Amino acid sequence: MSKLVTIYGGSGFVGRYIARRMAKDGWRVRVAVRRPNEAIFVKPYGVVGQVEPILCNIRDDASVRAAMQGADAVVNCVGILAEAGKNTFESIQAEGAGRVARLAAEAGISTMVHISAIGADAAGESEYQRTKAQGETSVLEHMPNAVILRPSIVFGPEDGYFNRFASMARLGPILPIVGADTKFQPVYVNDVAKAAHLAVIGKASPGIYELGGPDVNSFRELMQHMLGVIRRRRVILNIPFFAASIMGSLFDFANTISLGLIPSMITRDQVKNLRNDNVVSDGVKTFADLGMTPVALEAVLPDYLWRFRPSGQYAGIKESAKNLRT
């Protein structure tokens, strides 16, 4: 019988790409998510019955244990960018990651891959950074042979980064950002999934890998590149950190008193994150240690941001038409 992998958060942005790769490699894939009815789209990744979404709450021992029953490997992709209700940084990124590792060890599962993030730091300024580091520590405590992947900002068709700012660019002549000089090393989602696949099948040695694309750019440079792809001219307005912190506090307050009905455009914790560069460190394991060459941003971005161009899919045709002689 084919081997089975349980992917916690397997319908999320990164998780779905890992699920697709594992299914293509012949594995049975169990996608453990809070809302399996909204994860039906993962089923066609394999043949009938090969990929199945199931109910799981990473905050609950019994739920997590049931999801990994009979599994040969587990992958944890669960993470949040902002807290909501009971889904706090502590409960999801620290306790949740540790719970998966602890129960996997108890079940005798020898293979675990954990998706963390560049910037994980027990002494970090933001709660996001600290809980990411706590999660890594808990994973290694229970599963010392685990593979931990720390990607920089992940891009791809379903990303919440370039899609978000491209959408904002359609609303007016100004594109506001926080931390214009902060550096990032965007990594293609399929490269992260490939790294996770290699780890699951035993082709990556245990340890922590920092995953970044081939280029390092400031936030402002990434936005300029994005604007070029979507053929729009906008003034990039950098909001100072002190002002952004005030805005974040106000958004956090409004979100709290409205019981989540008013979304936070940016949180105070996210502003703290943006103060730090998000690039691969020196002397760490990287894609090179996996025998991989990461895909460049410019090779992928036009494939999914074309819909934000003024003429959408017809932009290329109109540009070509301008070159015709009258």
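Calculation criteria
Residues numbered from 1 in each chain as written. Predicted model: local features only at pLDDT ≥ 70, side-chain atom pairs only at ≥ 80, totals over all residues. Heavy atoms only, no water. Helix = DSSP H or I, 4+ residues; strand = E, 2+ residues; numbered from the N terminus. Buried < 20%, exposed > 50% of the residue type's maximum accessible area, 1.4 Å probe, protein only. Pairing = 2+ DSSP bridges. Right-handed = clockwise from strand over helix to strand, strands pointing away. Expected span 1.5 Å × (residues − 1). Axes fitted to C-alpha atoms, helices over the stretch in contact; angles between N-to-C directions. Contact = heavy atoms within 4.5 Å.

### Notes on the side chain of Ser11
Thought 1: Along the chain, the position of Ser11 falls in the loop between strand S1 (4–8) and helix H1 (13–24).
Thought 2: Accessibility expressed as a relative area gives 17% for Ser11, which makes it buried.

### A word on the pairing of strand S5 (residues 111–115)
Thought 1: The element S5 is extensively covered by neighbouring structure, given that four of its five residues are classed as buried.
Thought 2: Bridge count for strand S4 (residues 73–76) against S5 is four bridges, and the pairing is parallel. Of the residues in S5, the one forming a bridge with Val74 is Met112.
Thought 3: As a crossover connection, the stretch from S4 through helix H3 (residues 89–106) into S5 is right-handed.

### Comments concerning helix H4 (residues 127–142)
Thought 1: Over its 16 residues, H4 extends 23 Å from the first C-alpha to the last, a length consistent with the 22 Å expected when each residue adds 1.5 Å.
Thought 2: Those residues of H4 that fall on the buried side of the exposure criterion are Tyr128, Gln129, Thr131, Lys132, Ala133, Gly135, Glu136, Ser138 and Val139.

### Focus: the sheet that holds S1
Thought 1: The strand order S3-S2-S1-S4-S5-S6-S11 describes an open sheet built from seven strands, whose pairing is parallel. Among the strands making up the open sheet, the edge pair consists of strand S3 (51–55) and strand S11 (207–211). When the angles between neighbouring strand axes are averaged without regard to direction, this sheet yields 20 degrees.
Thought 2: Relative to strand S6 (residues 147–151), S5 runs parallel, the two sharing three bridges. Bridge assignment links His114 to a residue of S6, and that residue is Ile148.
Thought 3: This element, H4, spans S5, S6 and S11 of the sheet and lies at about 175 degrees to S5.

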